[in-house]
Amino acid sequence: MPLSRREFVGALAMSPAIAPPPRALCGVIDLGDACVLPESRIGILACTFSKLQKMHRHECLFYVVPGAGPVTRQLSRELVEFTQGGACIIFESAAGFGGFESQREMLAEYFGLQIERPVLLPEGRIPYVDYHWPVSVKVRDFNRIVPVRVPAREVIATIDGIAVASRRGKLIFLGSPIGPALHAGDREAHSWFKALVATS
Amino acid sequence: MLRKSIGDNLLPKDWTLEKGLALIKKSGYDGVELWLGDKPWFQMTTADAQIRELRRKVEDAGLAVSDVANSLDWDENISARDPQVRERAMRHVERQIETAQLLGTDAILVVAGLVTSENPYNEVYGRTLDSLRALHEKAARARVKIGCENCNAEHRFLISPREFWQFLNEVDSPWVGIHLDVGNIHETGFAEQWIEIHGPRITRIHLKDVLKHRGRCGDQSVYTNLFLGDNNWPAIRAAVDKVHYDGWLIAEMELRYRYAPDQQFWDTAAAIDRFIAARF
C-alpha cells in the first residue's frame, strides 16, 4: 500500500520505538520508617493504579507520599523536582503521629504552605472530612488532623469548618490521612482518589 | 477432662498472691487464669525470673495456670489507629505469649479488635487481621494459641458466630482461635450455637451468666453468677460435649460480693461442678 510522506512521518511519531516510554500514572513514595502510618501506604498501594516508587526517578505523572511523619531536606528537594518535571504530588500528612516540626518547615520553605499544629478532634463529633474537590464526598477523619492555612480558593476539604486539605499548584496537601480509609475499602475514599488522579 | 479455673483478677485487691491461690485451691479449682497488667505480681515489668517464681507459687499451691489473659487490651488494642498504641498492644500480646510459655500453659486471651465511634468497623477489621497475622508466627514458635475473646457488645466487633468464623478463616492460622465466653453473647445469639460453630477452634471457655433483658447502663451489670441469668446451661453443656471440648472452664465473674468476698469462689466452684456433671 502506498504511504504518503505525511502518513509516514505521522506513523513514525507514534512509534513506541521513537516516542519516549509512557509515564506511569501514579507512584507511591516509600518513606520507610518516616511513614508513621504504614496502613496508609498499604491502602494507597492497594489502588490498582499505584506502584511503589523509588526516589530519584521521574517517570510518573503523579506521586503520593503516604502517612508522612518526619521529612528530610532531600525528600523536599525531590518533591520540588518532581513538580518541576510536571508531576503532581499528594502529600498525606500524618504529623499528628509524629514529625510535625520538620513538615512545617519543609512545606513553608519549599512550597510556601503554612500548616498548623495537629489537632486531636473531640469525641462525639460528626466524623467526616468533607472533600469539595475534585468530587464532593465524605470520608472518615483519622482523629488527628493537621489544619492548613491557605486562601479559601485553595481549600479542597474541611472538617467542622477547619481546612484540612489544599491544592496549591502541583502540590495537594492532605491533613487528614485518607490511606486508612482506602485500606478499609471505603467507597467514597476510592472514588475521590480516582477522581483526583483523573483530574490532575 | 474438663477442668475448673478462675481469674486472679477476682481476688480482693488487698490480698496477697499466696492467700489468693490458697483460696482458689481450697474452694475446688484446678487452675488459675493470670491477668497480665491487673495484679502487682504480673505486670509488663515483671521479669522472667519473677514469672518463673510465680509459676512455682501456683504449682506449690496445687494449681496450674489455665491461660494468660490481660487487662490492657481496652486501653491498648491491636486495632488502634495510633501506630504507637498498636505497637504497645502488640508488645503486651507478645509478652503474654512469652509468659504463657514460662508459666507452662498453651493459651492466651486477647480482646482482638475494638470498635468505637472513633475507630470504625472496617478499619478495625483490617488492622486486627494484620496484627494477628503478624502475631501468629510468634505464637506458632512458642506453641501457644491466641484465643480471641468474643466480647460482642463490649467490643462491638464480630457480633455473629459466622462472621467470627469467617474472620478466623482469613487469619488462617491454627495458632489463632476463639476464647469463647458464653456470657458475652447477650441478645445477639445463643452460646450453644457459638460452641457448635467454632468447635475445634475454641482455645478456652469463659463461664458466666448474663441477664439478657436488662441492658447495660452506667455501672449496672448484665453479668451474674452461673444459673442466675438467661443462658441455657443444659444446651451449653450439651454443645460442649457435641464438639468434644475437653479443656479449661474458666469462671469470669463480675459480680463481687459486698461481704465475704471469698464466697464468690466457693459458689462459682460449686456451680461449675454441677455444670460439668450436667446436674440441672
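As the structure is a computational prediction, the values presented were derived from the model and not from experiment.

**Some details on the confidence of the model for chain B**
- Residues at a pLDDT of 70 or more form 97% of chain B, whose mean pLDDT is 95.
- In the model output, the complex is listed with pTM 0.84 alongside ipTM 0.73.

**With respect to the packing of aromatic side chains**
Residue and element names in this part refer to chain B.
- The tally for this structure, following the rule as stated, stands at 13 aromatic pairs over all chains.
- Aromatic pair Phe-164 and Trp-194: ring centres 5.9 Å apart, planes at 75°, arrangement edge-to-face. Of the two residues, Phe-164 sits in helix α5 (residues 161–171) while Trp-194 sits in helix α6 (residues 191–198), which places them 30 residues apart along the sequence. Taken as a pair, Phe-164 and Trp-194 share a single burial class, namely buried.

**Describing the pattern of salt bridges**
- For the structure on display, the rule yields 30 salt bridges over all chains.
- A salt bridge links Arg56(B) to Glu53(B); its shortest N-O distance comes to 2.5 Å. Taken together, the residues Arg56(B) and Glu53(B), both in helix α2 (residues 48–60) and three residues apart, mark about one turn of the helix.
- On the basis of relative accessible area, Arg56(B) is assigned to the partly exposed category, the value being 39%.
- A salt bridge links Arg55(B) to Glu59(B), with the nearest nitrogen and oxygen atoms 2.8 Å apart. Taken as a pair, Arg55(B) and Glu59(B) lie in helix α2 at a separation of four residues, close to a single helical turn.
- On the basis of relative accessible area, Glu59(B) is assigned to the partly exposed category, the value being 43%.
- Connected through salt bridges with shared partners, the residues Glu39(A), Arg125(A), Asp141(A), Arg81(B), Arg86(B), Glu118(B), Glu123(B) and Arg127(B) form a single ionic network.

**Here's the deal with the interface of chain A and chain B**
- Of the residues lining the interface, 16 residues belong to chain A; the matching set on chain B comes to 12 residues.
- In terms of surface lost to chain B, no three residues of chain A exceed Glu39(A), Arg140(A) and Ala184(A), which account for 35% of the buried area on that side.
- Linking chain A with chain B are five salt bridges.
- Linking Arg86(B) and Glu39(A) is a salt bridge whose minimum nitrogen-to-oxygen distance equals 3.7 Å.
- Counting the contacts that link chain A with chain B gives eight residue pairs in polar contact (both at pLDDT 80 or more).
- Counted by class, the side of chain A that touches chain B contains seven nonpolar, three polar and six charged residues.

**Side note on unusual backbone geometry**
- The step from Trp133(A) to Pro134(A) runs through a cis peptide bond, and the omega angle for that step is 0°.
- Along the chain, Pro134(A) turns up in the loop between β7 (128–131) and β8 (137–140).
- For Leu158(B), which is not glycine, the phi dihedral falls at a positive 50°.
- Inspection of the secondary structure assignment puts Leu158(B) in the loop between β5 (145–149) and α5.
- Look at Asp172(B): it is not a glycine, yet its phi comes out positive at around 60°.
- Along the polypeptide, Asp172(B) turns up in the loop between α5 and β6 (176–181).
- The class of Asp172(B) is exposed, set by a relative accessible area of 62%.

**Things to note about the pairing of strand β3 (residues 64–70) of chain B**
- Within β3(B), six of the seven residues are buried, which leaves it mostly tucked inside the rest of the structure.
- For the handedness criterion, the β-α-β arrangement of strand β2 (residues 31–36) of chain B, α2(B) and β3(B) is classed as right-handed.

**Remarks on the nonpolar core**
- With 79 residues, the main nonpolar core has Leu132(B) and Ile146(B) as its most contacted residues.
- Apart from residues no more than four positions distant in its own chain, Leu132(B) is found in contact with Ile78(B), Ala112(B), Ile146(B), Cys148(B), Phe167(B), Val171(B) and Val176(B).

**A word on the packing of α5(B) against α6(B)**
Residue and element names in this part refer to chain B.
- Put simply, α5 and α6 touch, their axes get as near as 10 Å, and they point 25° apart. Taken together, the axes of α5 and α6 lie roughly parallel to each other. In terms of crossing hand, the pair formed by α5 and α6 is right-handed. Contact residues: Pro-161, Phe-164, Trp-165 and Leu-168 in α5; Trp-194, Ile-197 and His-198 in α6.
- Among the residues forming the contact of α5 with α6, the class breakdown is six nonpolar, one polar and no charged.

**Some words on the confidence of the model for chain A**
- Across chain A, pLDDT averages 86, with 82% of residues at or above 70.
- Low pLDDT (under 50) marks residues 8–22 of chain A, which in the prediction has three contacts with non-local residues, meaning those over four places away or in another chain.

**As for the environment of His198(B)**
Residues and elements named next belong to chain B.
- With respect to the helices and strands, His-198 occurs in helix α6.
- Relative accessible area serves as the criterion here: at 0%, His-198 is assigned to the buried category.
- Those residues in contact with His-198 that sit more than four places away from it in its chain are Pro-161, Phe-164, Trp-165, Leu-168 and Ile-178.
- A polar atom in the side chain of His-198 sits 3.2 Å from the backbone oxygen of Pro-161.

**A few points about helix α7 (residues 233–242) of chain B**
Residue and element names in this part refer to chain B.
- All buried positions along α7 are accounted for by Trp-233, Ile-236, Arg-237, Ala-239 and Val-240. Along the axis of α7, the buried residues cluster in a sector spanning 160°; they form a single face.
- Considering only its buried residues, α7 is in contact with α6, β7 (202–207), β8 (209–210) and α8 (263–277).
- Positive phi shows up at His-244, right after α7, with a value of about 60°.

Cut-offs applied
- Residues numbered from 1 in each chain as written.
- Chains lettered and ligands numbered in written order.
- Predicted model: local features only at pLDDT ≥ 70, side-chain atom pairs only at ≥ 80, totals over all residues.
- Heavy atoms only, no water.
- pLDDT = per-residue confidence, 0-100.
- Phe/Tyr/Trp six-rings, centres within 6.5 Å; stacked < 30°, edge-to-face > 60°.
- Helix = DSSP H or I, 4+ residues; strand = E, 2+ residues; numbered from the N terminus.
- Buried < 20%, exposed > 50% of the residue type's maximum accessible area, 1.4 Å probe, protein only.
- Salt bridge = Lys/Arg side-chain N within 4 Å of Asp/Glu carboxyl O.
- Contact = heavy atoms within 4.5 Å.
- Buried area = accessible area lost by both parts, 1.4 Å probe.
- Polar contact = N/O pair within 3.5 Å; in protein donor to acceptor, adjacent residues only side chain to side chain.
- Nonpolar A, V, L, I, M, F, W, Y, C, P; charged D, E, K, R; others polar.
- Right-handed = clockwise from strand over helix to strand, strands pointing away.
- Core = buried A, V, L, I, M, F, W, Y, C linked by side-chain atoms within 4.5 Å.
- Axes fitted to C-alpha atoms, helices over the stretch in contact; angles between N-to-C directions.
- Parallel < 35°, antiparallel > 145°, perpendicular 65-115°, else oblique.
- Left-handed = near helix turned anticlockwise from the far one by under 90°.
- Arc of directions from axis to C-beta.

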